Amino acid sequence: MDNSEKVSATSPSSRDEFKDVIKGLIKLLMLVIFLGIIFIWALMPTMVYRTKWLNPVMRTEFGTSTYFGAIGLTFFMFMFPMVLMACLGCLYLHLKKQKNTNHLAREKITDGGVFAAMKRPMLVKGPLGIVSATELILLAMFVALLLWNFFMYMRNAFPTITPQSAAKHHQKLWQARLEAMAVRIGLVGNCCLAFLFIPVVRGSSLLPVVGLTSESSIKYHIWLGHMLMTLFTAHGLCFIVYWASMHEISQMVSWGKTEMSNVAGEITLLSGLVMWATTYPSIRRRFFEVFFYSHYLYIVFMLFYVLHVGVAFCFITFPGFYIFMVDRFLRFLQSRDNIRLSSARVLPSDTVELTFFKNKGLVYNPTSILFVNIPSISKLQWHPFSITSSSNLEADKLSIVIKSEGKWSTKLYEMLSSSDHIDSSLSVSVEGPYGPTSIDFLRHESLVMVSGGSGITPFISVIRDLIAITQTTSCEIPKITLICAFKNASDIAMLDLILPTSGLQLSTDLNIQIEAFITKEKEPRNEETQKIRTIWFKPNLSDQPISAILGPNSWLCLAAILASSTLIFMIIIGVMTRYYIYPIDQNKNKYNAASRSILYLLVLCVSIMVTSSAAVLWNKKKYNVESSKQVQTVDVPSPTFSPSSWAYREIESNPQESLVQCTNLHFGERPDLKKILLETKGSSVGVMVCGPKKMRQKVAKICSSGLAENLHFESISFSW
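Quick notes on the rules
Residues numbered from 1 in each chain as written. Predicted model: local features only at pLDDT ≥ 70, side-chain atom pairs only at ≥ 80, totals over all residues. Heavy atoms only, no water. Salt bridge = Lys/Arg side-chain N within 4 Å of Asp/Glu carboxyl O. Buried < 20%, exposed > 50% of the residue type's maximum accessible area, 1.4 Å probe, protein only. Helix = DSSP H or I, 4+ residues; strand = E, 2+ residues; numbered from the N terminus. Contact = heavy atoms within 4.5 Å. Polar contact = N/O pair within 3.5 Å; in protein donor to acceptor, adjacent residues only side chain to side chain. Pairing = 2+ DSSP bridges. Axes fitted to C-alpha atoms, helices over the stretch in contact; angles between N-to-C directions. Expected span 1.5 Å × (residues − 1). Parallel < 35°, antiparallel > 145°, perpendicular 65-115°, else oblique. Left-handed = near helix turned anticlockwise from the far one by under 90°. Nonpolar A, V, L, I, M, F, W, Y, C, P; charged D, E, K, R; others polar. Patch = residues over 30% accessible without salt bridge, like charges linked within 9 Å, V, L, I, M, F, W, Y side chains within 5 Å. Areas by Shrake-Rupley, 256 points an atom, 1.4 Å probe, with all protein chains shown as cover. Lys, Arg positive; Asp, Glu negative; His and termini not counted. Charge placed at Lys NZ, Arg CZ, Asp CG, Glu CD. Core = buried A, V, L, I, M, F, W, Y, C linked by side-chain atoms within 4.5 Å.

Peer 1: Looking at this structure, I do not really get the pattern of salt bridges. What am I missing?
Peer 2: Any two side chains of opposite charge can pair, on the condition that their charged atoms come close. Per the stated rule, a full pass over the model turns up 11 salt bridges. A salt bridge links arginine 345 to glutamate 353, with the nearest nitrogen and oxygen atoms 2.7 Å apart. Each member of the pair, arginine 345 as well as glutamate 353, is classed as buried. Each member of the salt-bridge network shares a partner with another, and the members are Arg202, Asp327, Arg331 and Glu431.

Structure follows, in structure tokens:
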């Protein structure tokens, strides 16, 4: 493309400036709402909350309502603000999506400063993993909130427990205090449960607002899960000890009709313990399928939690789970379609690149991931893989790379490598893509990408996207250094995936240097082994290209789903409570608690299913006309073999030659990461790493050492 045809990096228009103001106001409003939620959690254990706010104000307004009853109090105090914040996040992301890429590129990081220092790794090794100063401070603040809740509950409860009050219930003083402490520990655990599901919402509208993705936030889910199960386990053990000391062990099998159900609480705890036990690294690594399938117990956990505490109380902790339910059902709807496969490239490194057709309107950013399910291998297993293609470079194709490292991926590799022809019976379903909402690496003057083995895959998408930017804009592109470490020479073939199969040459505007290290071998393998085999799939007209489940305006649609499902739920519950439950209950807890809980949960699920299904069907009808016309008839070539360009460096006509020329191969050695990173020039150097745990820790340690103030660290780790 001629430079005159490229989009120039002009100054932001007044319209863009207005959008920036709106986005700033939205973020400010979201911050106010979030601080309000935290304030309520901090106020809950105090006497001020109970005597001066809850009883005279909130219960008067909502507790006596004939339309909502006690549920209205917790719904409007806890669930409504979180849903409102999620809707505002959708609006913010919709406006951000429309912002020109050039404007992002101009937002350079010019100095270290306090904010840059806060983002650098502070802890590199340990049970928390790689943690920045900001994350450590927020974690400490959350733990402080839990401790504040516990001590304030105890401070207010213990003075009211006297030998005389305990004797009225045939208790000793220590038994009464143990019972009170058990209840309060459970209340503190609810704070963890309220936020537990937010980090695992893949299509979250909350995480991207603060620059996070669900993949990078999975560690927060792990932290919250450990704290939650520690508190809930202590809660259950305290009650068991109490019942045993009171000779009331039969309480363990009680299920009150209008009171709290102990059996439901025990089922909740047991299902949580099973999930908790399988999360430990040694069990998860060796028995991944056990970990994977046991986590479906979250359905049992949440169902019996609601039956244990009652539907009115559960809405204190339900907002995060509600947003998760919406996201989970949308993923379910997307996974119903069989996806149209274009081709597969089988590499000699036990690696496969799958290329799918996609809707041209589907746009995603580099380092995004796609969840894949192949029913012929496993109907239940879903695995995440890095997307190696660029939506800006390949408008109608999407590619992922799968390294044969486990049972599932090994079966797929054997299936493709052993057959000369794959017919249209290979069924594939996907969820996603999911990834960052902005391309922050454009803000750096230099970009160093460090990978180990298959960790190179997210960086392939980065390079392809930069190639696309050089073809369409005249903005400044950072200098790229790719450091990739492989065990065997056959793994070098993965570098052939950097450029798409179209034979595109590297642009001269892209300053890139690749340093490939082969650690286990001292010389190249025989050329005959360096063959890349391409398999073309015969398309099935019933298959669909990958498309955004909610269309091009997905964030606005998600906001509509969240708002409408909440509104429908409120209307149905209001009518049902007023004309069915209230005549029986009279707000005196006469109605069966379990029946009420199940009824409310059914209404909530139906509201989500109806609104989500309607939005998906509307978008399919409106935007998928192109899908029905795309690839109606495709000629399917025979399987082909092509040599890896790294084995045939003398072939000048090879389309990969432009990439080969900027690559240095190092056999029998490991990269000196400290030397490479510290010698990288630039006022701002973005450092991205994806690979083994020790490699990530080593790079994080270098970036946090203080030897170079211009290094900005980001780790990419697939923890699903």
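Once the structure has been displayed, the description carries forward.
Peer 1: Can you help me understand the environment of isoleucine 532 in this one?
Peer 2: Inspection of the secondary structure assignment puts isoleucine 532 in strand S12 (residues 531-536). For the pair isoleucine 532 and leucine 347, spaced 185 residues apart in sequence, the C-alpha to C-alpha distance is 4.9 Å.

Peer 1: Would you mind showing me how to read the environment of phenylalanine 321 here?
Peer 2: Mapped onto the fold, phenylalanine 321 is located in helix H15 (residues 319-334). Through-space distance from the C-alpha of phenylalanine 321 to that of isoleucine 198 is 7.3 Å; in sequence the pair is 123 residues apart. Not counting residues within four places of it along the chain, the set of residues in contact with phenylalanine 321 comprises Phe197, Tyr298 and Met302.

Peer 1: Would you mind showing me how to read the side chain of threonine 351 here?
Peer 2: Here threonine 351 is to be found in strand S4 (residues 351-357). A distance of 3.0 Å separates the side chain of threonine 351 from the backbone oxygen of serine 349, its partner in a polar contact. Here threonine 351 is in contact with Arg345, Val346, Val401, Ile402, Lys403, Tyr413 and Met494, once residues within four sequence places are set aside.

Peer 1: Please explain the sheet that holds strand S8 (residues 429-434) as it appears in this structure.
Peer 2: In sheet architecture, strand pairing relies on hydrogen bonds along the backbone and comes in two forms, parallel and antiparallel. Reading across the sheet, the 3 strands line up as S6-S5-S8 and stay open at both edges, with antiparallel pairing between neighbours. Whereas interior strands pair on both sides, the edge strands pair on one side only; in this sheet they are strand S6 (383-386) and S8. Averaged over all pairs of adjacent strands, the angle between their axes in this sheet comes to 25°, without regard to strand direction.

Peer 1: Can you help me understand the sheet that holds strand S14 (residues 663-667) in this one?
Peer 2: Across the sheet, 6 strands lie side by side as S14-S11-S10-S9-S15-S16; this open sheet has parallel pairing. Edge positions in the sheet fall to S14 and strand S16 (711-715), since each has one partner strand and no second. Taken over all neighbouring pairs, the strand axes of this sheet differ in orientation by 15° on average, direction set aside. As paired strands, strand S15 (residues 685-690) and S16 are joined by 5 bridges and run parallel to one another. Counterpart to valine 687 in the pairing with S16 is phenylalanine 713. Its contacts with the sheet place helix H17 (residues 457-472) against strand S9 (446-452), strand S10 (479-486), strand S11 (512-518) and S15, and it is angled at close to 150° to S9.

Peer 1: I tried to follow helix H6 (residues 133-157) on my own but got confused; where do I start?
Peer 2: In an α-helix, one turn spans 3.6 residues; hence positions three or four apart end up facing the same way. Counted at 1.5 Å a residue, the expected span for H6 with its 25 residues is 36 Å, and the 36 Å between its end C-alpha atoms agrees. Buried residues of H6: Ala133, Glu135, Leu139, Phe142, Leu145, Leu146, Asn149, Met152, Tyr153, Met154, Asn156 and Ala157, and no others.

Peer 1: Is there a simple way to explain the packing of helix H9 (residues 218-245) against helix H13 (residues 298-309) in this structure?
Peer 2: Angle between the axes and distance between the axes are the two parameters that describe a pair of packed helices. At a minimum axis separation of 15 Å, H9 and H13 run at an interaxial angle of 45°. Our classification of the angle between H9 and H13 gives oblique. Where H9 crosses over H13, the handedness of that crossing is left-handed. Counted together, Leu228, Met229, Phe232 and His235 of H9 and Phe301, Tyr305 and His308 of H13 form the full contact between these two elements. Here the contact of H9 with H13 is built from residues that sort into 5 nonpolar, 2 polar and no charged.

Peer 1: Teacher, can you tell me more about the environment of isoleucine 22 here?
Peer 2: Here isoleucine 22 lies in helix H1 (residues 14-43). Sequence separation of isoleucine 22 and leucine 95 is 73 residues, and the distance between their C-alpha atoms is 8.6 Å.

Peer 1: Whenever I open this one, a nonpolar patch on the surface confuses me. Can you help?
Peer 2: On the surface, Val21, Leu25, Leu28, Leu29, Leu31, Val32, Phe34 and Leu35 cluster together into a nonpolar patch covering about 720 Å² of accessible area. Note that leucine 31 resides in helix H1. Assessed through its relative accessible area of 45%, leucine 31 is described here as partly exposed.

Peer 1: Can you help me understand a positive patch on the surface in this one?
Peer 2: On the surface, Lys125, Lys674, Lys694 and Lys701 cluster together to form a positively charged patch. Relative to the elements of secondary structure, lysine 694 occurs in helix H23 (residues 693-704). Accessibility expressed as a relative area gives 71% for lysine 694, which makes it exposed.

Peer 1: Just checking my understanding: could you explain the nonpolar core for this structure?
Peer 2: Grouped burial of nonpolar side chains is what soluble globular proteins tend to show. Counting 107 residues, the largest nonpolar core has Trp41 and Phe318 as its most contacted members. Considering every element that reaches this core, the biggest residue donor is helix H3 (residues 70-97), with 16 residues. Within the second largest apolar cluster, 43 residues are counted, among which are Met449, Ile463, Leu466 and Ala489.

Peer 1: Hey, could you run me through unusual backbone geometry in this one?
Peer 2: Among all residues except glycine, the phi angle is most often negative; among peptide bonds, the trans geometry is most common. That bond from glycine 432 to proline 433 is cis: its omega, 5°, falls within 30 degrees of zero. Examined against the element boundaries, proline 433 turns out to sit in strand S8. In this structure, histidine 247 takes a positive phi of about 55° despite not being glycine. Relative to the helices and strands, histidine 247 is located in the loop between H9 and helix H10 (262-277). A positive phi angle is found at aspartate 350, which is not glycine, with a value near 55°. Given a relative accessible area of 37%, aspartate 350 falls into the partly exposed group.

Peer 1: Looking at this structure, I do not really get H15. What am I missing?
Peer 2: Its 16 residues place the ends of H15 23 Å apart at the C-alpha level, agreeing with the 22 Å of an ideal helix rising 1.5 Å per residue. H15 sits mainly inside the fold: 14 of its 16 residues count as buried.

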